[in-house]
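Listed here are the chains, written in short residue letters.
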Amino acid sequence: MSLARQGVSFLMVGLGLLTADWAVFVVLTALGTPAPVANVLGRITGALLGFWANGRFTFGTPDTRLGPHRFLRFLAMWLPLTALSTLLVTAVEAKLGLQMAWLAKPAVEACLAVISFVVSRHWVYR
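Just so it is clear, the structure is predicted and the values come from calculations on it, not from any experiment.

S.K.: Would you explain the nonpolar core in this entry?
M.R.: Looking at soluble globular proteins, one finds that nonpolar side chains tend to be buried together. The biggest cluster of nonpolar side chains holds 21 residues, and the ones touching the most others in it are F25, F74 and Y125. Looking at which element gives the most residues to this core, the answer is helix 4 (residues 98-124), with six residues. With residues near it in sequence (within four places) discarded, F25 still touches A35, A38, N39, V89, A101, W102 and K105.

S.K.: Is there a simple way to think about helix 3 (residues 68-96) in this case?
M.R.: At 3.6 residues per turn, the α-helix brings residues three or four places apart onto the same side. If you check helix 3, its first and last C-alpha atoms are 40 Å apart, about what 29 residues at 1.5 Å a residue would give, namely 42 Å. Of all the residues in helix 3, the buried ones are R70, R73, F74, M77, W78, L81, T82, S85, T86 and V89. Those residues of helix 3 that are buried are in contact with helix 1 (3-30), helix 2 (35-58) and helix 4. Where helix 3 ends, the next residue or the one after it, G97, has phi of about 105°, a positive value.

S.K.: Is there a simple way to think about a nonpolar patch on the surface in this case?
M.R.: Residues V8, L11, M12 and L15 make up a contiguous nonpolar surface patch of roughly 410 Å² in combined accessible area. The topology assignment puts M12 in helix 1. For M12, a relative accessible area of 55% puts it in the exposed group.

S.K.: What am I meant to see in helix 2 here?
M.R.: Spanning 24 residues, helix 2 covers only 30 Å between terminal C-alpha atoms, well under the ideal 34 Å at 1.5 Å per step. Its maximal kink placed at G50, helix 2 deviates by approximately 30°.

S.K.: I tried to follow the pattern of salt bridges on my own but got confused; where do I start?
M.R.: Side-chain pairing between opposite charges can occur once the charged atoms of the two side chains come close. Applying the stated rule across the entire model yields three salt bridges. A salt bridge links E109 to R43; the shortest N-O distance between them is 2.5 Å. Here R43 lies in helix 2 and E109 lies in helix 4, a separation of 66 residues in the sequence. The same class applies to E109 and to R43, which are both buried. Here E109 and K105 are joined by a salt bridge, their closest N and O atoms 2.8 Å apart. Placement of both E109 and K105 in helix 4 is noted, with a separation of four residues, approximately one turn of the helix. Each of the two residues, E109 as well as K105, counts as buried. By sharing partners, the salt bridges in this structure join D21, R43, K105 and E109 into a single network.

S.K.: What should I look at first to understand the layout of surface pockets in this one?
M.R.: To find leftover empty space, a probe the size of one water molecule is rolled over the atoms. Space inside the largest pocket adds up to approximately 560 Å³. Lining the largest pocket are 26 residues, and of these F10, G14, L17, E109 and A113 sit closest to its centre. Every element with two or more residues in the lining of the largest pocket is listed here: helix 1, helix 2, helix 3 and helix 4. Broken down by element, the residue count for the lining of the largest pocket peaks at nine residues, all from helix 4. Broken down by class, the residue content of the lining of the largest pocket amounts to 17 nonpolar, six polar and three charged.

So, how was this worked out
Residues numbered from 1 in each chain as written. Predicted model: local features only at pLDDT ≥ 70, side-chain atom pairs only at ≥ 80, totals over all residues. Heavy atoms only, no water. Core = buried A, V, L, I, M, F, W, Y, C linked by side-chain atoms within 4.5 Å. Buried < 20%, exposed > 50% of the residue type's maximum accessible area, 1.4 Å probe, protein only. Helix = DSSP H or I, 4+ residues; strand = E, 2+ residues; numbered from the N terminus. Contact = heavy atoms within 4.5 Å. Expected span 1.5 Å × (residues − 1). Patch = residues over 30% accessible without salt bridge, like charges linked within 9 Å, V, L, I, M, F, W, Y side chains within 5 Å. Areas by Shrake-Rupley, 256 points an atom, 1.4 Å probe, with all protein chains shown as cover. Salt bridge = Lys/Arg side-chain N within 4 Å of Asp/Glu carboxyl O. Bend = angle between axes of the 7 residues up to and from the residue. 1 Å grid on protein atoms, 1.4 Å probe; cavity = no way out; pocket = protein on both sides within 12 Å on 5 of 7 lines; lining within 4 Å. Points joined across faces, edges and corners; volume = space filled by probe spheres on them. Nonpolar A, V, L, I, M, F, W, Y, C, P; charged D, E, K, R; others polar.

Written out as structure tokens, the structure is:
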């Protein structure tokens, strides 16, 4: 599959995942959930959808199987990215307030998406 096709697919899937992740984060923090907990729960929401969607549509072929081996690789990528996301979003919330964390989260996730694309393409879904 071409890099361009995968990039466009990853972007399209990612926009949906970001929307779900961000919505969970905003709703939970607005209800009083601490930002670190809400961020992890938002990223779990995105991860549950993202592993399947990117494995099937972005990087997959008709013969691609999304078994435990690929899921463990996905998890090995997802955990440090989630830790970094949580650290950054929580730092923004602590220094600038909750509303700024709501605004910063999409920017943080967009930066991490670049890393996620490269690692997914060359390792997770190989």
